[in-house]
Structures are given as C-alpha cells and as structure tokens.
Amino acid sequence: MRTAGAAGARDGVGAVRRAQRARGRVSSTTVARAVSRRDMHAMSIVLPGLIGTSSPFVFSDDAVAAAAVTTRCPRAEAPLRSTKTSPSRVIKGCWQLSGGHGGDRATDRTRGDVAVEDFASFVDAGISTFDTGPEACGYGDSELIIGEYLKTEHAREHRDEIQVFTKLCCVGREQSNMTKDWVMANVDRPRKRLGVDKIDMVQMYWNEYNQRGYVDAALFLTDLKHKGVIDAVSLTNFDTQRMKEMLDAGAEISTNQIQYSLLDRRPEKVMKQFCESTGVGLLPYGVVAGGLLSDRYLDAPPDKVVMNTSSLRKYASVVGNVGGYSWYQSLLKCLRAVADKHNTSIANVASKWVLESPVVPAVILGARNATHIPDHLALFDFSLDDADRDSIASVLAGGEQPTQDAYTWERGGKW
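Since the model is a prediction, treat every value here as computed from it, not as a measurement.

How each quantity is defined
- Residues numbered from 1 in each chain as written.
- Predicted model: local features only at pLDDT ≥ 70, side-chain atom pairs only at ≥ 80, totals over all residues.
- Heavy atoms only, no water.
- Helix = DSSP H or I, 4+ residues; strand = E, 2+ residues; numbered from the N terminus.
- Buried < 20%, exposed > 50% of the residue type's maximum accessible area, 1.4 Å probe, protein only.
- Areas by Shrake-Rupley, 256 points an atom, 1.4 Å probe, with all protein chains shown as cover.
- Salt bridge = Lys/Arg side-chain N within 4 Å of Asp/Glu carboxyl O.
- Pairing = 2+ DSSP bridges.
- Axes fitted to C-alpha atoms, helices over the stretch in contact; angles between N-to-C directions.
- Expected span 1.5 Å × (residues − 1).
- Phe/Tyr/Trp six-rings, centres within 6.5 Å; stacked < 30°, edge-to-face > 60°.
- Lys NZ or Arg CZ within 6 Å of the ring centre and 35° of its normal.
- pLDDT = per-residue confidence, 0-100.
- Contact = heavy atoms within 4.5 Å.
- Parallel < 35°, antiparallel > 145°, perpendicular 65-115°, else oblique.
- Nonpolar A, V, L, I, M, F, W, Y, C, P; charged D, E, K, R; others polar.
- Core = buried A, V, L, I, M, F, W, Y, C linked by side-chain atoms within 4.5 Å.

Draft legend 1. Structural context of the overall build of the protein. Each helix and strand in the protein was counted, giving 16 helices and 8 strands. Burial statistics for the protein: of 415 residues in total, 54% are counted as buried. In the form shown here, the protein has an accessible surface area of approximately 18000 Å², with 49% of it arising from carbon and sulfur atoms.

Draft legend 2. Summary view of the pattern of salt bridges. Tallying each qualifying case throughout the model produces 22 salt bridges. Of the charged contacts in the structure, one is a salt bridge between Glu245 and Arg212, with a shortest N-O distance of 3.0 Å. Here Glu245 is found in helix H10 (residues 240–248), whereas its partner Arg212 is found in the loop between strand S4 (199–206) and helix H9 (213–226), with 33 residues between them in sequence. For Glu252, the salt bridge is made with Lys225, and the minimal N-O distance between the two is 2.9 Å. Placement of Glu252 in the loop between H10 and strand S6 (253–259) and of Lys225 in helix H9 is noted, with a sequence separation of 27 residues between them. Each member of the pair Glu252 and Lys225 is classed as buried.

Draft legend 3. Broad picture of the sheet that holds strand S3 (residues 163–170). Taken in spatial order, the 8 strands of this open sheet run S7-S6-S5-S4-S3-S2-S1-S8, and their pairing is parallel. This sheet does not close on itself; its edge strands, each paired only once, are strand S7 (281–285) and strand S8 (363–366). Averaged over all adjacent pairs, the angle separating strand axes in this sheet is 30°, with direction ignored. Here 3 bridges tie strand S2 (residues 129–131) to S3, and the two strands are oriented parallel to one another. What sits directly across from Phe130, in S3, is Val164.

Draft legend 4. Structural view of the environment of Glu117. Relative to the assigned elements, Glu117 resides in helix H5 (residues 112–124). The exposure class assigned to Glu117 is partly exposed, which follows from its relative accessible area of 47%. Glu117 sits 253 residues away from Ala370 along the chain, and the two C-alpha atoms are 9.5 Å apart.

Draft legend 5. Molecular detail of H9. Taking 1.5 Å per residue, 14 residues should reach 20 Å; H9 reaches 20 Å between its end C-alpha atoms and fits that length. Of all the 14 residues making up H9, 10 are buried; the element is thus mostly covered by neighbouring parts of the structure. Among all positions in H9, only Gly213, Tyr214, Val215, Ala217, Ala218, Phe220, Leu221, Thr222, Leu224 and Lys225 are buried. Following H9 by one or two positions, Gly228 adopts a phi angle in the positive range, close to 85°.

Draft legend 6. Examining the packing of aromatic side chains more closely. The final tally for this structure, using the stated rule, is 11 aromatic pairs. Ring centres of Tyr260 and Trp353 lie 6.1 Å apart, and the angle between their planes is 70°; on these two criteria the pair is classed as edge-to-face. Here Trp353 lies in helix H14 (residues 346–355) and Tyr260 lies in the loop between S6 and helix H11 (271–278), a separation of 93 residues in the sequence. The burial state of Tyr260 is the same as that of Trp353; both residues are buried. Within the aromatic cluster, the residues linked to one another by ring pairs are Trp206, Tyr209, Tyr214 and Phe238. A cation over an aromatic ring shows up here: Lys92 above the ring of Phe122, its NZ or CZ 4.4 Å from the ring centre. Looking at Arg266, its charged tip hangs above the ring of Trp415, at a distance of 4.0 Å from the centre.

Draft legend 7. The arrangement of the confidence of the model for the protein in detail. For the protein, the mean per-residue pLDDT works out to 84, and 80% of the residues sit at or above 70. For residues 1–67, every residue scores under 50 in pLDDT, and the model assigns this stretch 80 contacts once sequence neighbours within four places are set aside.

Draft legend 8. Focus on the packing of helix H13 (residues 324–342) against H14. Packing of H13 against H14 brings their axes to within 8 Å, and their N-to-C directions diverge by 95°. For the element pair H13 / H14, the angle class is roughly perpendicular. The residues of H14 that touch H13, namely those facing Leu332, Leu335, Arg336, Val338 and Ala339, are Ile346, Val349 and Ala350. For the contact of H13 with H14, the per-class residue count stands at 7 nonpolar, no polar and 1 charged.

Draft legend 9. Region of interest: the nonpolar core. Within the largest apolar cluster, 114 residues are counted, with the highest numbers of intra-cluster contacts made by Tyr149, Met204, Leu221, Met246 and Leu293. If you tally residues by element for this core, the top one is H13, at 8 residues.

Draft legend 10. Up close: the pairing of strand S1 (residues 90–93). Side chains Val90 and Lys92 of S1 all project onto a buried face; the interleaved residues Ile91 and Gly93 project onto the opposite face, where all are buried too. Summarising the sheet, S1 and S2 pair through 2 bridges and their orientation is parallel. Along S2, the bridge assignment pairs Gly93 with Asp131.

Draft legend 11. A look at unusual backbone geometry. For Ser82, which is not a glycine, the phi torsion comes out positive at approximately 65°. Tracing the sequence through the fold places Ser82 in the loop between helix H4 (61–67) and S1. On the basis of relative accessibility, which here comes to 33%, the residue Ser82 falls in the partly exposed class. The backbone of Tyr407 shows a phi angle near 60°, a positive value even though the residue is not glycine. Within the fold, Tyr407 resides in the segment after helix H16 (386–397).

Draft legend 12. Quick look at the side chain of Glu143. Relative to the assigned elements, Glu143 resides in helix H6 (residues 142–150). Relative accessible area serves as the criterion here: at 1%, Glu143 is assigned to the buried category.

And the structure:
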C-alpha cells in the first residue's frame with residue numbers, strides 16, 4: 001500500500017528531478033531537502049538483493065539517508081574481465097557528437113563549446129566513462145571534443161575517475177593484410193586526439209568476417225595492453241562465434257559493445273550464455289532505441305513521429321522487424337504502467353531491464369545535452385520486481401522473436 005508519506009516523498013523528489021532538468025545537474029543538498037526523514041521512514045524501500053518484496057522496512061537514520069535518492073551514478077562493482085577498469089554504470093555515449101544528431105535546435109548541445117562544457121555536468125553526476133570512436137566508425141569529431149574537455153581544469157581535477165573508451169575500426173583493405181604497425185598507428189591516432197598516453201579501452205570493429213585478420217588484430221591489441229598502451233581490449237558488433245575464436249587464440253577480450261534493448265533481444269539467443277560462461281561483459285547501446293522507448297512517443301500517431309536524428313532513423317527500422325507500430329505502442333503502454341508503479345520514466349524502465357542483466361556491467365546512453373542527467377540518476381532509485389518482468393515478458397512474447405545472433409541482420413542476414 002502506498003502511504004501518504006511515501007506519496008509526498010516521491011512527488012517531492014519528482015518535482016526536484018523535473019526542476020533540475022533545466023540545468024542538467026542535481027545538487028545532493030537540494031535532493032536531500034526534498035525528502036524529509038519522516039517521509040523516508042514511511043516509504044516501502046526495496047533494498048538490493050530483496051527484489052520482489054513488498055514489505056515495509058524500518059532502517060537506521062544513516063540507512064534511510066543513503067536510500068533517499070541517487071545523486072551520483074555508481075560504478076560497476078567488479079573490474080571488467082582481464083582489467084582493473086570499472087566503468088560508471090551509465091556510460092555517456094558520444095555518437096550524438098558526430099554531427100547527425102542535432103535535432104531540435106533549441107536543445108542541441110552537440111557541437112562546439114557547449115558540447116565540451118556539458119561533460120563537466122556528467123562527471124559531477126558520476127557519469128565519468130565516455131564512449132567514442134573515430135570517423136571511420138561514424139563518430140565524427142567526438143574524440144576531438146572529448147580531448148578539448150580533458151584539457152579543462154575541471155577534467156584535470158577529476159582525471160582519476162574519467163575513462164574514455166574508443167574504437168579501432170577495421171573497414172578497408174587492412175582487413176586482408178592486418179599488421180601490428182597498422183594497429184599501432186590507429187591506436188596512436190586517438191591517443192593524440194584525446195591527448196592521453198594510455199587509452200582506457202579500445203573496442204575493435206570488423207567489417208568483413210570472411211577476412212579472418214580480426215584474430216591477429218585482437219592479439220596485437222592484447223600486446224599493446226601488456227605494454228601499457230591500452231587498459232582494456234574489447235569488441236564492438238561481433239557475433240558469438242568470432243568472439244570465441246579470438247578468446248581461444250589468447251586475446252584478452254573484456255567486453256563486446258552491442259545493440260541490446262527491449263526492441264532488440266538478439267544478444268539473448270546465444271551471446272548472453274557465452275558471456276556468462278567466459279566473463280566477457282556486454283556494453284549495450286541502443287538501450288532506449290534513440291528515444292523511441294520513452295514517454296515522448298506514447299500514443300503518438302505514426303504520421304506525427306519525426307525522425308530528425310540519425311538515432312531515430314536507425315531504430316525506426318528495428319520497430320518494423322520486431323512487431324510493427326501497433327505492437328510497439330502496446331509495449332510503451334506496458335512500460336508506462338511499470339514506470340507509474342516506480343514513479344519513473346519509460347526510458348528508465350527500458351534501461352533498467354537491460355542493466356539488470358548479469359552480463360551487463362554498464363549501459364551506454366547517448367545524450368544531446370545534460371538535461372538527461374537527472375533521469376539517468378533516477379535509474380538507480382528503483383528495481384524491477386517479478387511482476388514487472390512478467391508483464392513486460394508477456395508483451396515481448398507477442399512480438400516477432402529474433403532468430404539470429406547479434407548484428408547478423410546488419411551484415412545482410414536475417415533478424
């Protein structure tokens with residue numbers, strides 16, 4: 001039963017969240033004042049490890065204060081496989097800085113000085129891991145923008161907590177003649193653009209599977225890891241078979257960055273089980289499908305949905321593969337009901353569903369500006385229970401089920 005005290009506390013927190021969206025930062029002092037200690041004692045709080053319980057608990061004052069509202073994004077509890085790296089559980093995706101994501105001009109902060117300035121707000125909120133890449137992987141100048149932020153006084157003050165994950169994009173003739181020198185040159189380039197001696201993570205993308213040089217490339221990256229040039233050797237958009245080949249050859253693979261969401265559950269076919277057995281993590285992108293899994297599109301007529309960013313255009317095709325627009329709206333309605341229960345957003349329910357997977361240390365959430373930060377933090381103020389997962393699973397069962405491994409359709413195969 002939702003008590004009056006609990007309702008008041010949650011509504012108060014919601015008001016603070018909404019007010020802070022205009023600035024993109026959440027003050028811990030402001031949030032603490034929004035929820036009185038009396039109201040917190042009246043709330044039914046679900047602790048980690050007690051997912052699914054509905055009994056109210058009484059805690060010490062310290063425990064109540066700690067459970068109030070998340071004001072900083074937590075980090076992954078354990079380091080990634082074969083590394084000492086623990087990313088923030090929300091990673092700031094920087095594909096939005098590539099130039100094709102401007103969208104509404106009034107809220108666009110994806111270019112120039114304002115794009116650089118926004119990084120400070122994310123770091124202050126504990127979202128201090130950034131995912132980027134070179135032009136060859138579609139990231140435009142994002143490495144350079146991050147490099148400019150790393151020069152600032154704010155970045156220098158927080159350098160110990162900032163991590164940059166970039167990519168090695170193998171898309172040309174180098175795939176037929178992969179060499180150690182090519183790998184070194186294409187790791188040196190982002191080091192120079194970022195202005196760093198060591199890169200926290202390099203994630204390899206490979207275009208042509210019929211050219212098996214990806215095994216050599218992964219081993220060359222592993223050599224650079226041992227030399228202290230990079231900390232983590234990782235992959236992006238590889239399928240399970242190729243991941244296994246590289247691991248079997250001795251490559252020290254930490255993670256695979258892959259598209260994974262309620263709309264795209266292909267990683268659950270075989271990859272999730274493989275990751276559970278090997279310790280390789282998944283870093284999902286497309287978790288909210290470019291914004292399609294959000295309150296903005298609930299009950300929106302299809303002819304009123306404007307695809308004005310690269311992300312929206314990309315993920316609109318996914319909706320067609322998994323059930324069509326009518327089914328997609330039924331999913332949004334289900335997510336809204338779950339969100340109402342937890343006083344949160346559709347986007348957060350969709351993100352939480354992915355983040356709760358045991359093979360997901362962190363999710364990549366792209367943002368065009370810092371106003372998304374309060375909602376990102378609210379992701380850690382609730383947990384899905386069995387009833388939530390069952391209701392979502394019921395809707396998912398009514399859609400088209402994936403038949404192939406992750407990133408097979410993008411390479412010309414079936415969904």
